[in-house]
Structure formats: C-alpha cells, structure tokens
Amino acid sequence: MQWLEVTGGDDLAIDDVMRIESAAGPIAVYRLEDGYFATQDICTHAVASLAEGFVEDGRIECPLHAGTFCIRTGKARTLPATIPLTTYPVRVDDGRILVGVPDGTDT
Ligand code: FES
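Residues numbered from 1 in each chain as written. Predicted model: local features only at pLDDT ≥ 70, side-chain atom pairs only at ≥ 80, totals over all residues. Heavy atoms only, no water.

Draft legend 1. Seen up close, the state of the cysteines. Applying the stated criterion across every chain, the model contains 0 disulfides. Free of any disulfide, C70 has its nearest neighbouring cysteine sulfur in C43, separated by 15 Å. (Disulfide = S-S within 2.5 Å.)

Structural data, given as structure tokens:
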C-alpha cells in the first residue's frame with residue numbers, strides 16, 4: 001500500500017468531498033465531524049462521480065440517480081445503489097491528509 005497525500009485536503013470543510021486521482025482510480029475524500037474518509041469516486045450503480053454528489057448525515061448521495069452510500073463503510077443505503085463502495089484508509093500525519101491506496105504489492 002502506498003500513502004497518497006491529498007493536496008488541499010486540509011481545506012475541506014466538514015461534510016464536504018473532493019476527488020483525487022490515484023493508481024487505483026479516482027477516489028472521493030470526505031471530511032465528516034469525526035475525521036476524514038475515502039471511497040472509490042465512481043458510483044457502483046453507473047458512471048457518476050460521487051465527489052459531485054451531496055454529503056448529509058454521514059452518507060454520500062450520488063448526483064446521477066440519488067442512490068446513497070454510507071461514507072464510513074461504503075455500504076449502499078438507498079436504491080438504485082446496491083453494491084458497496086470500496087473504502088480506503090485515511091490518516092492524518094503532521095497535518096497532511098494521507099489515503100492508503102493499494103499499489104499491487106498488497107496481499
Ligand atoms: Fe449513482 Fe445511479 S449512478 S445511483
């Protein structure tokens with residue numbers, strides 16, 4: 001796993017989301033009241049960027065068909081979304097927001 005720094009992540013407001021690019025594909029990085037979280041950015045229902053969606057009550061609402069997912073677990077919560085999102089670990093190191101992304105060496 002490699003730790004990818006989220007440029008501008010410290011500017012994220014609570015209940016905001018931003019998209020970053022990674023070797024594993026685009027990732028949506030969220031800030032909630034209790035910290036930072038990350039999921040795959042592309043919705044599992046069809047092709048839409050969740051970073052363009054809406055954060056409310058710990059869920060991300062897809063901008064295309066309004067399916068929702070739990071940001072903390074990736075679990076699909078509202079139809080038409082049924083397939084969970086991949087989630088990624090996030091840590092804060094000396095003020096830097098870092099997302100753990102598989103680099104092909106993970107087992
Ligand atoms: Fe996200 Fe349909 S593309 S709910």
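Draft legend 2. View of the sheet that holds strand β10 (residues 90-93). The strand order β1-β11-β10 describes an open sheet built from 3 strands, whose pairing is antiparallel. Single-partner strands in this sheet number two, and they are β1 (2-5) and β10. Geometrically, the sheet is characterised by an average inter-axis angle of 35 degrees between neighbouring strands, direction not taken into account. Relative to strand β11 (residues 96-101), β1 is paired through 4 bridges, and the arrangement is antiparallel. Directly across from E5, in β11, lies its bridge partner L98. (Pairing = 2+ DSSP bridges. Helix = DSSP H or I, 4+ residues; strand = E, 2+ residues; numbered from the N terminus. Axes fitted to C-alpha atoms, helices over the stretch in contact; angles between N-to-C directions.)

Draft legend 3. Structural detail: the sheet that holds strand β5 (residues 54-56). As summarised here, the arrangement of the 4 strands in space is β5-β6-β7-β8, forming an open sheet in which the pairing is antiparallel. Lying at the two open borders of the sheet, with one neighbouring strand each, are β5 and β8 (76-78). Each adjacent strand pair in this sheet contributes to an overall mean axis angle of 30 degrees, direction not counted. In terms of strand pairing, β5 meets strand β6 (residues 59-61) through 3 bridges, oriented antiparallel. Bridge pairing links V55 to I60 in β6.

Draft legend 4. View of a negative patch on the surface. On the surface, a cluster of negative charge is contributed by D15, D16, E33, E56, D57 and E61. Locating D16 in the fold gives a position in strand β2 (residues 16-20). Its relative accessible area of 33% is what places D16 among the partly exposed residues. (Patch = residues over 30% accessible without salt bridge, like charges linked within 9 Å, V, L, I, M, F, W, Y side chains within 5 Å. Areas by Shrake-Rupley, 256 points an atom, 1.4 Å probe, with all protein chains shown as cover. Salt bridge = Lys/Arg side-chain N within 4 Å of Asp/Glu carboxyl O. Lys, Arg positive; Asp, Glu negative; His and termini not counted. Charge placed at Lys NZ, Arg CZ, Asp CG, Glu CD. Buried < 20%, exposed > 50% of the residue type's maximum accessible area, 1.4 Å probe, protein only.)

Draft legend 5. Structural context of the environment of D57. Among the structural elements, D57 can be located in the loop between β5 and β6. Take D57: its relative accessible area is 70%, and that puts it in the exposed class. As a C-alpha pair, D57 and E33 span 24 residues in sequence and 10.0 Å in three-dimensional space.

Draft legend 6. Fine view of the pattern of salt bridges. Under the definition given, this model contains 5 salt bridges. Among the ionic pairs, R72 bridges to D34, the shortest N-O distance being 2.8 Å. With a gap of 38 residues between them, R72 in the loop between β7 (68-70) and β8 and D34 in the loop between β3 (27-32) and β4 (35-40) connect regions that are remote in the sequence. Judged by relative accessible area, R72 falls into the partly exposed class, the value being 38%. Residue R91 pairs with D93 through a salt bridge whose shortest N-O separation is 3.3 Å. D93 sits in the partly exposed class, given a relative accessible area of 31%.

Nothing here speaks to function; it is all geometry.
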